[in-house]
Amino acid sequence: MRINKRLYKIAICFLVIALLSGCGTSRELNELGIVIGVGIDKEEESDAVKITTQVVKPGQVSSGGKGGGGGEEAYANFEETGRTVFAAIRGIANKSSRKMYFPHNQVIIIGQNAAKDGVTKYLDFFMRDPETRLNVYLLVAKDTAAEVLETKSKLERVPGNSISLMLDSEANAASQAIDIRLRDFKESLQLKTVASVAPIIEVSEENGKKTATLNGTAVFKGDKMVGTLDKSEGRGLMWVLGKVKSGIIEVECSNGNLVALETVRAKGEFSSELVDGKVKIKVKISEEGNIGEDAGTEDISTLDEVAFLEQQNADVIKSEVMAAVKKAEELDADIFGFGESVHRKYPKEWTSMEDKWDEIFPTIEVEVEVEAKLRLMGRINAPSVPQ
Amino acid sequence: MKLEKGVITNTQLIYLILSFLESMVISINFSYGISKQDTWIAVLAAFVITIPIMLGYTAIAKSYPGKNLIQINDEALGPYVGKLFSALYIWFLFELMIHYAYFFNSFWITYIMTETPRLVFVAIFILVSAFAVWSGIETIARCSVIFTIIVSITVVFVISLLLKDMKIVHFLPILDLTPKDFIQSVHIILTIQFCDLIAFLMIFPYTKNNKAIRKPMLLALCLSTLMLLIVVLVNTAVMGVRITNTTSVSFAITREIDIGNVLTRLDVLVALTLLATVFMKVSVFYYTTVLGLAQLLGLRSYKPLIVPIGLIAIAISANLYPSDMEQVYAGRNIWPFNAMLFEIILPLITLITIALRNLFKDTGGENE
């Protein structure tokens, strides 16, 4: 009797598990269309928005090993147009056997037209819906997002996955395209004077084969794209924000040969100051690097030479930062958040500056201080030539 | 005649108050949109104002040791006014119960079970609470010990995983808001978060040492304010300006946990913790409502009232507001004033009456 009662209680505990999914929210893996990438394009002639969702085909992904190339693609792209993003996404239900499932979405790509039109209205769904996540990567396509999602990757089976992995590895290797997640983008959209940025992805053609390539950074003013930064300006921005993780800097050594220096560690920060009502920004960057390659024949490991290379290195970093500042001032877009730092430091003075920030920003004085250090020389200490 | 035979220790009382106040973690969401990155200052200000109010509550309880709010009202204000006051308090406790049930339900069907009808969730929720109330205050107090520990561990766990996402600059500039907004935020935190501790005037008589309630009460208040403060600081440090338009911040930040793509998607864990805290809150209000009503009606046991009150609560709570937008509006603009009547004005009248009675008793003694 007693054991029966206990068994009865245990049985109830297991039955409760069935309630965990609530009413109707229960969905099995084989009913889900797992979205890996989303493209948002604005139609040229109308105001309609075209949504491309990239869905994985589970069967094809798991059978990846056999065959080796050829065969069917491991993904399917669905396109649908609508006046709003949500309507278009639900419209895909007319074409797909599975309901779109967003929690595993990895990239959102915004087409050029949509970016220039203003992105808040296109991104609202991705911030509001309970299923979507804010740690998805955000990119801007040089042309259309649909085209980028169509471009097959050479290594990965799903293009959306490839793009997100590419952003990860790019941030750790080159630091020329800023990696922006939707949550960072949302924050900069909500700050009045901060201009949002996002990496640009384009479809380039090599030997007749299309490849998706990261190239530069898109600059938004408010929520409209107003310009772009090239690769070195993009890295200039990342130096200031302290987001550079690694990268290669090419400098000339004292006799003119090229030397490649690898950045291993970098820190960047800036502070604002008000001098007689004028804004002055002090950027401080400290970088540590190694000698990565010596393209000449001279021994560059002498102390004098190292000091020279460190100076050269600092100059390159400084010029990259100044290029980014110059471009930002040209576009009148505060991509660094200088205004916000003034706001945080001088809240009283800021009230009168806030509305005039567009006029103030191009005139502010930026002072860059770079401290570059070389640490290691690698496995050889001089080029392999008869000395 | 004693309706509740159970007795809880004063340590259990601390845990009970702690777990009762822990649901502040979700009701603080009303304030973020108003006081932005300065919400933590508003929490501190509200805490400072709460202390004298709490001393007032305990003064009421102490002048009639062993009696609950309903009995105190009868003795202090006379049978007619006292009964009126008691009825008002019971209505308020009931209102709090259905509001919390609705409030948490909104969160749950927004984030977790999006297709579940309100009624289903509320019904199950109230049902479980009814079971707790049926078991009595001892059981609820023992639950609270477990829940407090679980919630504290979760908070520490979540915070340690979010350390790398916190930015100190998100707090700057400090006090960048109008005085009106600040006062409104403090008012909301005071009335919605802290002062519904008035429900404990119903529970104090059932503690083992019901003369020494001031210390456990203040200790629990300090500890839970500390926890709320930490949660608010972490939320602000992680979210920055995004805090102003996120509907459930404490939950939203757990979605941002990402440790090397491995430790991620922990949100349901936190949702269950929030469920536990709100369960404690609703159970305490449920219990005090039926206990008070039984006392008011002169019943021998409060148990016959559990089912009818529960059914009424389910019916009202499922249809409390036509929309969440209206609920947020009410939470920010109407509820704080409604609650002030029950949490500050009525207890103040009771307290003054008690003081006057004592005064006359003393002078009367001298005359004799």
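The shown structure was predicted, so the numbers you read here are calculated from the model rather than taken from an experiment. (Residues numbered from 1 in each chain as written. Chains lettered and ligands numbered in written order. Predicted model: local features only at pLDDT ≥ 70, side-chain atom pairs only at ≥ 80, totals over all residues. Heavy atoms only, no water.)

Q: Would you take a moment to explain the overall build of chain B for this structure?
A: Along chain B, the regular secondary structure elements total 15 helices and two strands. By the compact-globule yardstick of 21 Å for 368 residues, chain B fits well, its C-alpha radius of gyration being 21 Å. Counting only C-alpha atoms, chain B reaches 80 × 40 × 40 Å along its principal axes. The proportion of buried residues among the 368 residues of chain B is 58%. Within chain B, counting contacts between residues at least 6 apart in sequence, those at least 24 apart form 84% of the total. One finds the centroid of the 24 positive side-chain charges in chain B at a distance of 6 Å from the centroid of its 21 negative side-chain charges. (Helix = DSSP H or I, 4+ residues; strand = E, 2+ residues; numbered from the N terminus. Rg over C-alpha atoms; globule rule 2.2 N^0.38 Å. Buried < 20%, exposed > 50% of the residue type's maximum accessible area, 1.4 Å probe, protein only. Contact = heavy atoms within 4.5 Å. Lys, Arg positive; Asp, Glu negative; His and termini not counted. Charge placed at Lys NZ, Arg CZ, Asp CG, Glu CD.)

Q: Sorry if this is basic, but what is going on with the sheet that holds strand β12 (residues 278–294) of chain A here?
A: The strands making up a sheet are joined through hydrogen bonds of the backbone, oriented either antiparallel or parallel. Residue and element names in this part refer to chain A. Judged by pairing direction, the sheet is mixed, and its four strands sit side by side in the order β10-β11-β12-β13 without closing on themselves. Each end of this open sheet is capped by a strand with a single partner; those strands are β10 (247–252) and β13 (365–376). With direction set aside, neighbouring strand axes in the sheet form an average angle of 35°. Running over the sheet, helix α11 (residues 338–345) touches β11 (258–275), β12 and β13 and is turned about 45° from β11. (Pairing = 2+ DSSP bridges. Axes fitted to C-alpha atoms, helices over the stretch in contact; angles between N-to-C directions.)

Q: I'm lost on the interface of chain A and chain B in this one. Help?
A: How big an interface is tends to be reported as the loss of accessible area on association of its parts. Counting residues at the interface gives 24 residues for chain A and 26 residues for chain B. The junction of chain A with chain B conceals about 2200 Å² of combined surface from both sides, 47% of it contributed by carbon and sulfur atoms. Linking chain A with chain B are two salt bridges. For A:Arg133, the salt bridge identified is with B:Asp267, shortest N-O distance 3.1 Å. Of all the elements in the fold, those that place two or more residues in the side of chain A that touches chain B are α8 (182–190) and α11 of chain A. Element by element, the count of residues in the side of chain A that touches chain B is highest for α8(A), at four residues. In the side of chain A that touches chain B, the residues fall into eight nonpolar, nine polar and seven charged. (Buried area = accessible area lost by both parts, 1.4 Å probe. Salt bridge = Lys/Arg side-chain N within 4 Å of Asp/Glu carboxyl O. Nonpolar A, V, L, I, M, F, W, Y, C, P; charged D, E, K, R; others polar.)

Q: Looking at this structure, I do not really get the pairing of strand β6 (residues 137–141) of chain A. What am I missing?
A: Note on strand geometry: in a regular strand, side chains alternate between the two faces of the sheet. All names here are of chain A. Taking burial as the measure, the five residues of β6 include five buried ones, the bulk of the element. Residues Tyr 137, Leu 139 and Ala 141 point to one face of β6 and Leu 138 and Val 140 to the other, with burial holding for every one of them. In terms of strand pairing, strand β5 (residues 107–110) meets β6 through four bridges, oriented parallel. If you follow Ile 110 over to β6, its bridge partner there is Val 140. The pairing of β6 with strand β7 (residues 197–206) spans two bridges and is classified as parallel. What sits directly across from Ala 141, in β7, is Ile 201.

Q: It is not clear to me how the environment of A:Ser21 should be interpreted in this structure. Could you clarify?
A: Here A:Ser21 is to be found in the loop between α1 (2–17) and β1 (32–42). Once residues within four sequence positions are removed from consideration, A:Ser21 is found in contact with A:Ser26 and B:Met113.

Q: Help me understand the pattern of salt bridges in this model?
A: Throughout the structure, instances matching the rule amount to 30 salt bridges over all chains. The residue A:Asp47 makes a salt bridge to A:Lys42 at a minimum N-O spacing of 3.8 Å. Residue A:Lys42 is classed as buried on the basis of its relative accessible area of 17%. Linking B:Arg255 and B:Asp267 is a salt bridge whose minimum nitrogen-to-oxygen distance equals 2.9 Å.

Q: Looking at this structure, how should I read the confidence of the model for chain B?
A: In low-pLDDT regions, the fine details of the predicted coordinates are not to be read closely. In this model, chain B carries an average pLDDT of 89, and 98% of its residues clear a pLDDT of 70 or more. Within chain B, no element has a lower average pLDDT than strand β2 (residues 263–264) of chain B, which sits at 81, and none a higher one than helix α13 (residues 303–318) of chain B, at 93. (pLDDT = per-residue confidence, 0-100.)

Q: Quick question: what am I supposed to make of helix α1 (residues 10–21) of chain B here?
A: Three- or four-residue spacings in an α-helix give side chains the same orientation, since the helix completes a turn every 3.6 residues. Residues and elements named next belong to chain B. A rise of 1.5 Å per residue sets the reference length of α1, with its twelve residues, at 16 Å; its end C-alpha atoms lie 17 Å apart and thus fit the reference within 8%. Of all twelve residues making up α1, ten are buried, and the element is well covered by its neighbours. When α1 is considered as a whole, its buried residues turn out to be Asn 10, Gln 12, Leu 13, Ile 14, Leu 16, Ile 17, Leu 18, Ser 19, Phe 20 and Leu 21. Where α1 is buried, its residues touch α2 (24–27), α8 (137–162), α9 (179–194), α10 (214–239) and α12 (267–297). (Expected span 1.5 Å × (residues − 1).)

Q: Looking at this structure, how should I read the domain arrangement of chain A?
A: Residues and elements named next belong to chain A. Domain boundaries in chain A define domain 1 (27–229) and domain 2 (231–387). Contacts between domain 1 and domain 2 engage 27 residues on the former and 26 residues on the latter. Summing both sides of the interface, domain 1 and domain 2 together bury roughly 2200 Å²; the carbon and sulfur share of this comes to 57%. If you sort the residues of domain 1 by the area they bury against domain 2, Gln 176, Thr 193 and Leu 229 come out on top, with a joint share of 29%. Viewed at the interface, domain 2 and domain 1 are joined by three salt bridges. With its nearest N and O atoms 3.8 Å apart, the salt bridge here joins Asp 332 to Lys 221. (Domains from an automatic or database assignment.)

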